[in-house]
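Structural characterization, general
Here are the chains, one letter per residue:
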Amino acid sequence: MTQTLHQTDQEIQTNVTEELRYDPSCKAGRIEVTTNGGTVKLSGEVSNLRERIAAKRSAMRVRGVTAISDEMTVRSPGATGDATDADITQAARHMLDWTVDVPARTVTAVVRDHKVTLSGTVAWDYQRDAASRAMANLRGVTAVRNDIVLDQPASSTPAKTAIVAAMQRNAQLAPQSIGIDVNDHELVLRGNVRTFAEYREAEHTAWNAAGVTSVQNNLVITS
């Protein structure tokens, strides 16, 4: 029996809804799902920022999803007695100090209306991402803006051959359909991938290359 890969919007919507229900980190009853041309819109209210992130990741796992429109809102902390801006600021400083992937004294956090803005300079994208993830775990945070800058030595130019080799080693990718352009410290990904998971994995692999400060992901999801 041959299984068709093409799915209707209604099938995608049903599958995303079921995936949200299956994921214990999501409160699916408060999240509304609509689909148009493979683009899934998530709306409704969630309890915290981690739940919002988890819902997006759940939707991305579903076959046939080509884009996510996030219109979810994090419930107002004032209604639940969550932490104040001052509480969050203090906790954010401690989290940045204790997060091993964030170099000491490189990142600062400013909190206003329960929204955290990160600034500073690090060398790698995984360090920047670690700072964001640490903030998303704090009670009372409704959004994180990451203004951390990547700084690589001028002599550390990304090697295209190394990036291509990394793509070829990765069992989650079909590297023959992915093109890579290198311009100084900037990478551009082009071509086609089958799923959101492959889209994200290709971008993650690109960010891991030494010397990279920018990745433009122009890959198209075709499933």
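Figured I'd write up the structure that's included with this text. Note that the structure is a prediction, hence the values are computed from the model and not measured. (Residues numbered from 1 in each chain as written. Predicted model: local features only at pLDDT ≥ 70, side-chain atom pairs only at ≥ 80, totals over all residues. Heavy atoms only, no water.)

Right, let's talk about helix H3 (residues 85-98) for a bit. With 14 residues, H3 should cover 20 Å at 1.5 Å per step; its first-to-last C-alpha distance of 20 Å lies within 8% of that length. Taken as a whole, H3 has its buried residues at Ile88, Thr89, Ala92 and Leu96. Seen end-on, H3 carries its buried residues on one side only, within an arc spanning 100°. Opposite its buried face, H3 presents the exposed residues Ala86, Asp97 and Trp98, each directed more than 90 degrees away. Next to the buried residues of H3 lie strand S4 (107-112), strand S5 (115-122) and helix H4 (125-136). (Helix = DSSP H or I, 4+ residues; strand = E, 2+ residues; numbered from the N terminus. Expected span 1.5 Å × (residues − 1). Buried < 20%, exposed > 50% of the residue type's maximum accessible area, 1.4 Å probe, protein only. Arc of directions from axis to C-beta. Contact = heavy atoms within 4.5 Å.)

The subject of this paragraph is the sheet that holds strand S2 (residues 39-46). Strand order across the open sheet formed by 3 strands is S1-S2-S3, with mixed pairing between neighbours. This sheet does not close on itself; its edge strands, each paired only once, are strand S1 (31-36) and strand S3 (67-74). This sheet shows a mean twist of 10° between the axes of neighbouring strands, independent of strand direction. As judged from the 6 bridges shared by S1 and S2, these two strands associate in the antiparallel manner. Of the residues in S2, the one forming a bridge with Val33 is Leu42. Across the sheet, helix H2 (residues 49-60) touches S1, S2 and S3, and the angle it forms with S3 is around 160°. (Pairing = 2+ DSSP bridges. Axes fitted to C-alpha atoms, helices over the stretch in contact; angles between N-to-C directions.)

Nothing here speaks to function; it is all geometry.
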